[in-house]
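Chain by chain, the residues:
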2 protein chains.
Amino acid sequence: MPLIAETPKAPYYAVIFTSLRTEVDEGYGDTALRMLELAEEQPGYLGYESARDGVGITISYWSDLDAIKSWKKQAEHREAQRLGREKWYSAFTIRIAKVERAYSL
Amino acid sequence: MPLIAETPKAPYYAVIFTSLRTEVDEGYGDTALRMLELAEEQPGYLGYESARDGVGITISYWSDLDAIKSWKKQAEHREAQRLGREKWYSAFTIRIAKVERAYSL
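(A) The overall build of chain A, seen in detail. When its secondary structure is counted, chain A shows three helices and four strands. Traced from its N-terminal end to its C-terminal end, chain A shows the element sequence β-α-β-β-α-α-β. Against the compact-globule benchmark of 13 Å for 105 residues, chain A has a radius of gyration of 14 Å, which places it among compact chains. A buried classification covers 26% of the 105 residues belonging to chain A.

(B) Examining the interface of chain B and chain A more closely. Counting residues at the interface gives 32 residues for chain B and 32 residues for chain A. Within the residue set of the side of chain B that touches chain A, elements represented by two or more residues are β1 (12-21), β2 (45-53), β3 (55-62) and β4 (89-104) of chain B. Counting residues per element, the side of chain B that touches chain A draws most heavily on β4(B), which supplies 15 residues. Split into classes, the residues belonging to the side of chain B that touches chain A amount to 19 nonpolar, five polar and eight charged. Relative to β4(B), strand β4 (residues 89-104) of chain A runs antiparallel, the two sharing 11 bridges. Along β4(B), the bridge assignment pairs A:Ser104 with B:Thr93.

(C) Region of the structure containing the relation of the copies chain B and chain A. Least-squares fitting of chain B to chain A yields an RMSD of 0.0 Å, with the superposition described by an axial translation of 0.0 Å and a rotation of 180°. Those values place the two copies in the arrangement expected of a two-fold rotation axis.

(D) Quick peek at the environment of A:Arg21. All names here are of chain A. Mapped onto the secondary structure, Arg21 falls in strand β1 (residues 12-21). Sequence separation of Arg21 and Lys98 is 77 residues, and the distance between their C-alpha atoms is 26 Å. With residues up to four places along the chain from it excluded, the contact list for Arg21 reads Gly56, Trp88, Tyr89 and Ser90.

(E) Main features of the pairing of β4(B). Note that β1(B) and β4(B) share 10 bridges and pair antiparallel. When the bridges of β4(B) are listed, B:Tyr13 appears paired with B:Lys98.

(F) Structural context of the nonpolar core. Of all hydrophobic cores here, the largest spans 30 residues; its most connected members are A:Tyr13, A:Ala14, A:Ala97, B:Tyr13, B:Ala14 and B:Ala97. If you list the elements that add at least two residues to this core, you get β1, β3 (55-62), α2 (65-73) and β4 of chain A together with β1, β3, α2 (65-73) and β4 of chain B. Discounting residues that sit within four places of it in the chain, A:Ala97 has contacts with A:Tyr13, A:Ala14, A:Ile16, B:Ala14, B:Ala97, B:Lys98, B:Val99 and B:Glu100.

(G) Looking closely at the pairing of β1(A). Where β1(A) and β3(A) come together, seven bridges link them in antiparallel fashion. Looking at the pairing, A:Ala14 lines up with A:Tyr61 of β3(A).

(H) Local environment of the packing of helix α1 (residues 28-40) of chain A against helix α3 (residues 75-88) of chain A. Residues and elements named next belong to chain A. One can describe the packing of α1 onto α3 by two numbers: an axis separation of 11 Å at closest approach and a directional angle of 150°. The angle between α1 and α3 falls in the class roughly antiparallel. In this structure, α1 crosses over α3, and the sense of that crossing is left-handed. Counted together, Tyr28, Thr31, Met35 and Leu38 of α1 and Glu76, His77, Ala80, Leu83 and Trp88 of α3 form the full contact between these two elements.

(I) Main features of the sheet that holds β4(A). Reading across the sheet, the eight strands line up as β2(A)-β3(A)-β1(A)-β4(A)-β4(B)-β1(B)-β3(B)-β2(B) and stay open at both edges, with antiparallel pairing between neighbours. Two strands in the sheet have a free side with no partner beyond their single neighbour: β2 (45-53) of chain A together with β2 of chain B. Neighbour-to-neighbour, the strand axes of this sheet turn through a mean angle of 25°, independent of strand direction.

Basis of the calculations
- Residues numbered from 1 in each chain as written.
- Chains lettered and ligands numbered in written order.
- Predicted model: local features only at pLDDT ≥ 70, side-chain atom pairs only at ≥ 80, totals over all residues.
- Helix = DSSP H or I, 4+ residues; strand = E, 2+ residues; numbered from the N terminus.
- Rg over C-alpha atoms; globule rule 2.2 N^0.38 Å.
- Buried ≥ 20, exposed ≤ 12 C-beta atoms within 10 Å, placed from the backbone.
- Contact = placed C-beta atoms within 7 Å.
- Nonpolar A, V, L, I, M, F, W, Y, C, P; charged D, E, K, R; others polar.
- Pairing = 2+ DSSP bridges.
- Least-squares fit on C-alpha atoms with pLDDT ≥ 70 in both.
- Core = buried A, V, L, I, M, F, W, Y, C linked by C-beta atoms within 7 Å.
- Axes fitted to C-alpha atoms, helices over the stretch in contact; angles between N-to-C directions.
- Parallel < 35°, antiparallel > 145°, perpendicular 65-115°, else oblique.
- Left-handed = near helix turned anticlockwise from the far one by under 90°.

Here it is in structure tokens:
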């Protein structure tokens with residue numbers, strides 16, 4: 001997987017997840033990896049970028065809002081969201097954004 | 001400055017800058033810090049989030065597209081962009097996105 005997502009020509013959508021972690025690691029790494037695998041299987045999934053130092057920023061890219069809605073409601077993902085709120089994150093913000101233009105070096 | 005940006009109610013805009021660095025550090029840290037100071041002074045600036053491990057993800061938030069256009073053209077920022085392309089980044093993608101919805105824990 002490339003570190004910079006290779007996304008198609010705009011428009012498409014981004015889910016920007018900015019988070020602060022608790023000190024609880026139990027299950028976190030395995031679940032994060034599993035959610036990435038699972039996301040890649042979803043219709044409309046376009047790519048993924050992630051970095052953490054202090055704050056974590058994870059961005060997933062999607063073809064449209066329906067794809068994002070379906071992914072949010074996916075059963076295994078819902079359970080991971082619940083565990084995230086309860087155990088792994090002390091704070092987070094999720095932003096749904098429409099990518100209108102993009103360019104690369 | 002909080003690690004998770006405290007942005008107003010959507011809609012607003014995000015500039016997502018995903019990058020890979022070269023091994024050249026000369027001037028990088030000072031310029032990055034100066035650009036952050038300068039961005040905060042621009043009309044329409046709303047906030048900033050950044051993390052790097054391998055890939056770097058920096059997101060700045062803006063009230064509208066005109067604010068982003070003015071910032072892109074700001075003289076000192078243009079010079080920093082030039083140095084970035086020439087010295088500090090081996091690859092990057094910039095995405096301009098309209099934040100339509102947001103929620104927080």
